[in-house]
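# Report on the structure
Chain by chain, the residues run as shown.
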Amino acid sequence: MKIFFKIIAIVFGVLFLVSAGLQYNDPDSLIWIIIWAAAGIVTLGFAFNKTSLPVLLVSGVAALAGFFYCYPEKFEGFEIGAGDIKNVEEGREAFGLLIIAMVLLLLAFRTWRSKRLKV
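Quick look at the structure, then. Please read all numbers here as calculations on a predicted model, not as lab measurements. (Residues numbered from 1 in each chain as written. Predicted model: local features only at pLDDT ≥ 70, side-chain atom pairs only at ≥ 80, totals over all residues. Heavy atoms only, no water.)

## Concerning the side chain of Gln 23
The line we're drawing: Strands are runs of DSSP state E lasting at least two residues, helices are runs of H or I lasting at least four, and both sets are numbered from the N terminus onward. Whether a residue is buried, partly exposed or exposed follows from its accessible area with a 1.4 Å probe, protein chains only, as a fraction of its type maximum: under 20%, in between, or over 50%, in that order.
If you trace the backbone, Gln 23 turns up in the loop between α1 (2–21) and α2 (29–47). On the basis of relative accessibility, which here comes to 16%, the residue Gln 23 falls in the buried class.

## Re the packing of α2 against helix α3 (residues 53–70)
We count it as follows: Between the N-to-C directions of two axes lies an angle of 0 to 180 degrees, each axis being a line fitted to C-alpha atoms and, for a helix, fitted only over the stretch in contact. Take the far helix as your reference; a near helix turned counterclockwise from it by less than a right angle gives a left-handed crossing, and one turned clockwise gives a right-handed crossing. By the convention used here, residues are in contact when the closest approach between their heavy atoms is within 4.5 Å. Under the grouping applied here, Gly and all other residues not named as nonpolar or charged are polar, the nonpolar ones being Ala, Val, Leu, Ile, Met, Phe, Trp, Tyr, Cys and Pro and the charged ones Asp, Glu, Lys and Arg.
In contact at an axis separation of 11 Å, α2 and α3 are set at 150° when each is read in the N-to-C sense. Note on packing geometry: the crossing formed by α2 with α3 is left-handed. Each of Trp 32, Val 42 and Phe 46 in α2 lies in contact with α3, whose residues at this interface are Val 55, Leu 56, Ser 59 and Cys 70. Taken together, the residues of the contact of α2 with α3 break down into six nonpolar, one polar and no charged.

## What to know about the layout of surface pockets
We count it as follows: Cavity means a closed set of points on a 1 Å grid over the protein atoms alone, one where a 1.4 Å probe fits but cannot get out, pocket means an open set with protein on both sides within 12 Å along at least 5 of 7 lines, and lining means a residue has an atom within 4 Å of a point. Grid points are joined across faces, edges and corners, and a volume is the space filled by probe spheres set on the points.
Quantified by volume, the largest pocket comes out at close to 350 Å³. Elements that contribute at least two residues to the lining of the largest pocket include exactly α1, α2 and α4 (85–117). Of the residues forming the lining of the largest pocket, the biggest block, four residues, is contributed by α4. Per-class residue counts for the lining of the largest pocket are five nonpolar, five polar and five charged. Its volume calculated, the second largest pocket comes out at about 150 Å³. As for the second largest pocket, its lining consists of Ile 35, Ala 38, Ala 39, Val 42, Ser 59, Ala 62, Ala 63, Gly 66, Leu 97, Ile 100 and Leu 104. Within the residue set of the lining of the second largest pocket, elements represented by two or more residues are α2, α3 and α4. Grouping the amino acids of the lining of the second largest pocket by side-chain chemistry returns nine nonpolar, two polar and no charged.

Here it is as structure tokens:
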């Protein structure tokens, strides 16, 4: 089971870093590059036993709080042209943060459980 979570962390860490690179054309690119890169570094840190439980928890909870903060007043989907561009952009950003939160909190739970059970 340990190798399973290591593989998940590596895959998502790489995906998060790729997502950081894809933010270059976003209107507010700097903040999103930092968010995605930080998520990638923390996730890869888990894979190589360099990230502590508090870092995973704080990062995961912050991403979850960011999801609620960025969630648009009126969710209109993810597709350009499907609604107001501001709502679509906010929806994309919010759900990106939700993905980050889910991964980081899953890894935090795994870290907590393994320490509790001494696995």
